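# Report on the structure
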Amino acid sequence: MTHRFSLDNDGTNFFAHTMTDDVEGSISNAIEMCPDQVTTYFLCPNGGGKFYFPTRIGQVDPTARRLAALHRQGKDPFGLFLAALRRAGKETFITYHMNDVQGAEDPNYPRTAEFKKEHPDFIVDPAAASGGLEGWMPHCLDYSRTEVRDYILATIDEMVGLYDIDGFQLDWMRFPRHLSGDPDEIWEKRNYLSDFTADVSQILQQKDPQIKLSARIPTSPVGCRYVGLDLEDWCDRQLLDFVVASPFLTTDFHMPIPELRQSMGEHPVPIYADIEFGHGTQIHCPESLHAAALSLIDASAAGLYIYNFPCWTEYLGAPPYHWLEALDSPTQRS
């Protein structure tokens, strides 16, 4: 089992806010802040349905004005960031938000994909969405639609063709609604997500058989069933190299990781545990972060995954990278 201590960067903080015209310098500073203990870096290319790389299929995030200007000059900061991570010795993953619906209730929200605006019926619950019910979730794209799967696969294929990477992650927790219907109907439609995952695996294998595939998933078998993620099928088909068990926008100190592993059947894969910026209504401090790490490792997690860490700045004033140094082997500090 490969030892990993992973950091996730959702891209928005860097590509839309902190990156300067000195792109290489900005990237270098971001990587230098990352402790040596972090083995694996997950960089996200999309937010709200638009992208941070020079896509020809989707659209670039219009709120990232400096990024768009750099693209016009022939520069690709996303690609430069990935390449710099690999030179720094980090295992480098692209992590793709499968259904980012921030701002979805606003018809004029600039980061909503044009694909979704052009096809308002391609979402999981158009009636609830039009009635303003249930927040953002009804606005998620419905992967039981062939057109949705084809569009997302095309953007993934485009990225994989552009960049040399060590791995690719399907982030099913951003946001966790991908099929229409009630929970029983969602489970009946699970083959759409299984076959989609197989299609992504094939894209990666065609590029380079060494590229790994990960999925960010709920923390329990019940949660996976609710979303339509058939882990046993994925593992039987040997589609994944590992998964990241992730609560939704909070930290879970007590994940049922053995139960999740058992649900994978005869071919389980390593399970890494996600830690988010807060727990309940509280923001992490070093002590709570260390407590979460100890508990999750004790629950048999293969390692830790720190979600969207650069954006912790929004809550703490500065990114506390020094907090991470003690988390790689938390039992040695207990």
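Throughout this document, residue positions are counted from 1 along each chain, in the order its sequence is written. In view of the model being predicted, local features appear only for residues whose pLDDT reaches at least 70, and side-chain atom pairs are presented and counted only at 80 or more, with totals across whole chains, interfaces and linings using the full set of residues. No hydrogens and no water enter the side-chain calculation; it runs on all heavy atoms of the structure.

### So, the pattern of salt bridges
Should a side-chain nitrogen of Lys or Arg be within 4 Å of a carboxyl oxygen of Asp or Glu, the pair is scored as a salt bridge. Scanning the model with the defined rule gives 16 salt bridges in all. Close ionic contact of Lys117 with Glu114 constitutes a salt bridge, the shortest N to O distance being 3.5 Å. In this pair, Lys117 and Glu114 are both assigned in helix H5 (residues 114–118), three residues apart and thus about one turn of the helix distant. Here Asp230 ties to Arg190 by a salt bridge, and the two come within 3.1 Å at their closest N and O atoms. Of this pair, Asp230 sits in the loop between helix H10 (221–227) and helix H11 (231–236) while Arg190 sits in helix H9 (residues 190–207); the two residues are 40 residues apart in sequence, bridging distant segments of the chain. Several salt bridges share partner residues, and in doing so they unite Asp171, Arg216, Asp274 and Glu276 into one network. Put simply, DSSP H or I for four residues or longer makes a helix, DSSP E for two residues or longer makes a strand, and each gets a number counted from the N terminus.

### Details of the nonpolar core
If you look at the biggest cluster of nonpolar residues, it comprises 92 residues, and the most contacted ones within it are Phe81, Ile152, Phe168, Trp172 and Phe196. Top element by residues in this core is helix H7 (residues 146–162). It accounts for seven residues. Contact between two residues is taken to exist if any of their heavy atoms lie within 4.5 Å; hydrogens are not considered. Leave out the neighbours within four places in its chain, and Phe81 touches Asn9, Phe14, Phe15, Ile27, Ala30, Ile31, Tyr41 and Leu43. Listed in part, the eight residues of the second largest apolar core include Phe42, Val244, Ala302 and Tyr305. Among buried residues, those of type Ala, Val, Leu, Ile, Met, Phe, Trp, Tyr and Cys that are joined through side-chain atoms within 4.5 Å constitute a nonpolar core. Note on exposure labels: buried denotes an accessible area under 20% of the residue type's maximum, exposed denotes more than 50%, and partly exposed covers the range between, all computed with a 1.4 Å probe on protein chains only.

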